[in-house]
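Architecture and fold: a report
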Amino acid sequence: MHNRTPQHTASFRTQFGYRTRSIPLTTNPKPWYHKGLRFECQRSGNCCKTHGEYAYIYLTPHEVVSIARFLKLGEDEFLQKHCAEDEGHTILRIDSPDCPFLENGNSCGIYPVRPQQCASWPFWQDNLEDQSRWEGPVKGCCPGIGRGPLFDAGQVERIAEETEEWYEGDT
Ligand code: SF4
């Protein structure tokens, strides 16, 4: 399950645990991924499942509006039906191991308006913090790690930082 990072000055949770906000990636002149990282979605659907752990998919107000419109629901109806609050943040309500919008085990039913947290997988700051995390639980969850096109370090950091900013700027 994707679990992104909205609460931007305090702390937030991820698929793999609870953590505090990371130091901006750009403070490290030569990160462990300086040669770049390969990733290509293999449509496993694994990142949309909890794997028995808690999961948080955070929604900005803008995303709430977009997804509600996409589902042809009123904003309040969408919030009531699909969302919960966590420490002042709106999150998708996950009542089963799968994201409620996961279809046929590997397809996102709201793909055109999926949250930034989902769209930026796997290049999240917390996934990039150390190589053992990337090579361990992240790769273990996602068969797309190490495959496909090479994202250079700048691209990787740009995605991670833009995602942080996305949540910081819209809450
Ligand atoms: S919203 Fe879509 S991409 Fe995100 S976890 Fe759910 S099914 Fe997966």
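Source: prediction; values computed, not measured.

1. What about the environment of Gly105?
- Within the secondary structure, Gly105 sits in the loop between β7 (102-103) and β8 (107-108).
- Residue classification places Gly105 among the exposed positions, given that 12 C-beta atoms sit within 10 Å.
- Along the sequence, Gly105 and Ser44 sit 61 residues apart, while their C-alpha atoms lie 7.8 Å from each other.

2. Description of the pairing of strand β5 (residues 83-86)
- Where β5 and strand β6 (residues 89-92) come together, 4 bridges link them in antiparallel fashion. Counted as the bridge partner of Cys83 is Leu92 from β6.
- A loop of 2 residues connects β5 with β6, the two strands running antiparallel in sequence, and Glu87 in this loop sits at a positive phi of about 50 degrees.

3. Here we look at the confidence of the model for the protein
- The predicted model of the protein has a mean per-residue pLDDT of 84, with 81% of residues at 70 or higher.
- Between residues 3-23, whose pLDDT stays under 50, and residues either more than four places distant or in other chains, the model counts 52 contacts.

4. Digging into the site of the ligand
- Lining the immediate surroundings of the ligand are 12 residues, of which Cys48, Cys99, Leu102, Cys108 and Cys118 lie closest.
- Here the shell around the ligand is composed, by residue class, of 10 nonpolar, 1 polar and 1 charged.

5. Focus on the nonpolar core
- Ranked by size, the top nonpolar core spans 29 residues in total, and within it Ile57, Tyr58, Ile91, Phe123, Val156 and Ala160 carry the most contacts.
- Every element with two or more residues in this core is listed here: β3 (37-39), β4 (58-59), α1 (61-70), β6, α5 (131-141) and α6 (153-169).
- Here this core gets 5 residues from one element, more than from any other, and that element is α6.
- Contacts of Phe123, omitting those with residues within four sequence positions, involve Leu128, Val156, Ile159 and Ala160.

6. Thoughts on the pairing of strand β9 (residues 145-151)
- Burial runs low along β9: only 0 of the 7 residues are buried.
- Note: β3 against β9, 3 bridges, orientation antiparallel. Paired with Leu37 across the bridge in β9 is Phe151.

7. What to know about the sheet that holds β6
- The strand order across the open sheet formed by 3 strands is β4-β6-β5, and the pairing between neighbours is antiparallel. Each of the sheet's edge strands pairs with one partner strand only, and the pair in question is β4 and β5.

What counts and how
Residues numbered from 1 in each chain as written. Predicted model: local features only at pLDDT ≥ 70, side-chain atom pairs only at ≥ 80, totals over all residues. Helix = DSSP H or I, 4+ residues; strand = E, 2+ residues; numbered from the N terminus. Buried ≥ 20, exposed ≤ 12 C-beta atoms within 10 Å, placed from the backbone. Pairing = 2+ DSSP bridges. pLDDT = per-residue confidence, 0-100. Contact = placed C-beta atoms within 7 Å. Near = placed C-beta within 6 Å. Nonpolar A, V, L, I, M, F, W, Y, C, P; charged D, E, K, R; others polar. Core = buried A, V, L, I, M, F, W, Y, C linked by C-beta atoms within 7 Å.

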